[in-house]
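Structural overview for review
Chain residues, written in single-letter form:
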Amino acid sequence: MSDPVSFGPDLADVFGPSQTDGGPDLVQLLTPEGERVHHPEFDHDFSAEELRGLYRDMVLTRRIDVEATALQRHGELGIWAQLLGQEAAQIGAGRALRPQDYVFPTYREHGVAYCKGVDPLRLLGLFRGVDQGGWDPNENNFGLYTIVIGAQTLHATGYAMGMQRDGVVGTGDPDRDSAVIAHFGDGASSQGDVNEAFIFAASYNAPVVFFCQNNQWAISEPIERQTRIPLYQRALGFGFPGIRVDGNDVLATYAVTKAALQRAREGNGPSFVEAYTYRMGAHTTTDDPTRYRLNDELEHWKLKDPIERLKVYLRRNGLVDQEFFDDLDAEAKELGHHLREGCKALPDPKPLDQFGYVFSEITDEIAAQRDEFAAYLASFEGSTTTAGGHS
Amino acid sequence: MSNQKITLAKGLNMGLRKAMEDDDKVLLMGEDVGKLGGVFRITDGLQKDFGEDRVIDSPLAESGIVGTAVGMALRGYRPVVEIQFDGFVYPAYDQIVCQVAKYTYRSQGKVKMPIVIRIPFGGGIGAVEHHSESPEAQFAHTPGLKVVACSNPVDGYWMIQQAIAHDDPVIFLEPKRQYHADKAELDESATPEPLFTSRVVRAGSDATVLAYGPTVKTALKCAEAAESEGRSLEVIDLRTLSPLDMAPVYESVRRTGRCVVTHEAHVNLGMGAELAARVTEECFYSLEAPVLRVGAFDTPYPPSRIEEEYLPDLDRVLDAVDRSFAY
Ligand SMILES: Cc1ncc(C[n+]2csc(CCOP(=O)(O)OP(=O)(O)O)c2C)c(N)n1
Ligand SMILES: [Mg+2]
């Protein structure tokens, strides 16, 4: 038997032992126990106001999620993609954005949408089946939810390349300099599109932050199926830095994303943020995670709840009083009411209108199909039997 | 062995199991096909029984799934890959069209590509965008691919085994709306019809309705409704879309003189267009009316709250039959 061939460095030396709890590079500013810790590179002097704001955002985001999940259970939504457990990752990223920054979301970015000022009710349309994303992406600089895994990362990169050409990168004017954030999941990191987005962004030094919520699962497949090394370490291979942040720590996610966005705005190119988090719920309301993951894992992550740790910190430091919680509770209730009532009142699409959305202007061919269809539908009117008299 | 009543999902699951028992070169691959058994549970229990080497949960990348299937086929395996939903086949489109479809031709027949690409297709399940599409024409249009669509549990059981045993690549379309719908009795000792054949599923004399996949059920309902009005419709389940098995179609249309084709896919350049052209060429002097097509408008699949209005249903197919008779 010959000795095994040696080829390059031992990966274990390069990447260290397998990292189950985020590993030594995990950026954290608030421990699961609610302890404020400091980081030499990424930190931020949070005011009490800011901390309360982040807490409020997470509570309201969870409320959106809980309400929508209940609406699905009651048959008002066809499906819902829950974000339970990912509130800090989304609020941290969402609050780091400036108005001129642009977001390319997946289908789960309800918290980021909320930060960007999209009425959460608008998010429900897609899941109810009345539209495919009813909001105007340019109104809030928040793109349409993208269901085809990873496709939006290329759109984000192209958008960022447009920003470069528009001269809104690296001018030194904080109100002008802009960046793009591309959201995607751990599973998405395997898609060709995502890897091509990395290449393009690196090649053109595009002002885009690749923000990956590693929630440990892609439906039933664990992160180990997608990668052998921590995802953030992949970035270097593409030519830009990658940082792993505790995605259940809203402070750290905010600080890291803020720095990544600022770097992009200043013209220093793309970066990768891996928000290390956990999908506490099912993949969607039609999924049954008991078929593929252990309850122990869920229990373990419950201890790292993103909302709870900030609550502990706020309380311990006397930054909140009962009135704050009462007000927030009332606000959340009102939001719930808005979603429940609003959802049921969302108008169904009008079949004939749909023909008009295919092109910027309807073609004669499609108009003819619409008119034929209209005549066909009209043939039912006033009759208790169906078209053509068929019962 | 006693006969059992099974759903389409069960038929496919049993068929896959049988194919894996019969030939240890058969492998399954796809997203979530392992522990989860696929989002539709078609591969339920198979990883447990055949192991992770034969039922492979893949990384989330369709081009990767189909591209590696090509390599495994070259190595003598018979990969059966699952595309999770119709709308997610496109990242693999390049591999399917440029590689899977052409390898045999490129190698002048020296290499075979016994790959089955299973695609749950069609709408009517209240899903969000990309989960209700009917991409069959894109594959039937591609030389080097065979395309079949099952419509019922028993066909599901046999056709998947036949597709796997076949030496050419097969795009295997499964009407997802039917997965857990009707049950049918399966006789595992029966001899199935050959794979690339169409079949008269209801005899009739006044008009011929051609359907496949999810619209077979619709066509059969139409025939029932028409009967109460004194019209006798013959329904043909095409089963194979490429190659087409036209003999039973011509025979039928020559008798009935009328032909309506229905599919959920877009009418424009859809299967119906090819069928209409062939029927017109071969049955020209028997036709009492032009071949009429019922399918999707030239719009993307609509939001699900109104999908039932867009899908070819009983009324729209009967309306076409009426129009055929009005000529
Ligand atoms: C191209 C494509 N393939 C498959 C799917 C089906 N699908 C939807 S979500 C999902 C898993 C995504 O996992 P990840 O990227 O980790 O995001 P998460 O859902 O965990 O937020 C899959 C396979 C899809 N939407 N698009
Ligand atoms: Mg994930």
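Residues numbered from 1 in each chain as written. Chains lettered and ligands numbered in written order. Predicted model: local features only at pLDDT ≥ 70, side-chain atom pairs only at ≥ 80, totals over all residues. Heavy atoms only, no water.

1. What about the side chain of S271 of chain A?
Residue and element names in this part refer to chain A. Along the polypeptide, S271 turns up in strand β7 (residues 271-276). Residue class for S271 comes out buried when judged on its relative accessible area of 5%. Excluding its chain neighbours within four sequence positions, the residues that come into contact with S271 are V208, V209, F210, F240, P241, A260 and R263. (Helix = DSSP H or I, 4+ residues; strand = E, 2+ residues; numbered from the N terminus. Buried < 20%, exposed > 50% of the residue type's maximum accessible area, 1.4 Å probe, protein only. Contact = heavy atoms within 4.5 Å.)

2. Concerning helix α5 (residues 120-128) of chain A
Residues and elements named next belong to chain A. Judged by how many residues are buried, α5 sits mostly within the fold: eight of nine residues are covered. Here the buried face of α5 lies against α2 (48-73), α4 (110-115) and α13 (322-345). One or two positions beyond α5, positive phi appears at G129, with a value near 90°.

3. Notes on the pattern of salt bridges
Taken as a whole and assessed by the stated rule, the structure comprises 39 salt bridges over all chains. A salt bridge links D319 of chain B to R323 of chain B, with the nearest nitrogen and oxygen atoms 3.3 Å apart. Here R323 of chain B and D319 of chain B lie together in helix α12 (residues 314-325), a separation of four residues that amounts to about one turn. One salt-bridge network, held together by shared partners, links R56, D57, R95 and E331 of chain A. (Salt bridge = Lys/Arg side-chain N within 4 Å of Asp/Glu carboxyl O.)

4. A closer look at the domain arrangement of chain B
Residues and elements named next belong to chain B. Under the domain assignment used here, chain B contains domain 1 (4-186) and domain 2 (199-326). The gap between the C-alpha centroids of domain 1 and domain 2 is 26 Å. Contacts between domain 1 and domain 2 engage 27 residues on the former and 23 residues on the latter. Approximately 1800 Å² of surface area, both sides summed, lies buried where domain 1 meets domain 2, with 50% of it carried by carbon and sulfur atoms. Joining domain 1 to domain 2, the criterion identifies four salt bridges. Across the pair R177 and E264 runs a salt bridge, and its minimum N-O distance is 2.9 Å. Counting across the domain 1 and domain 2 interface gives 13 residue pairs in polar contact (both at pLDDT 80 or more). Residue assignment for the side of domain 1 that touches domain 2 shows that the elements contributing at least two residues are α6 (136-140), β6 (146-149), α7 (153-165) and β7 (170-175). With four residues, β6 is the single largest residue contributor to the side of domain 1 that touches domain 2. (Domains from an automatic or database assignment. Buried area = accessible area lost by both parts, 1.4 Å probe. Polar contact = N/O pair within 3.5 Å; in protein donor to acceptor, adjacent residues only side chain to side chain.)

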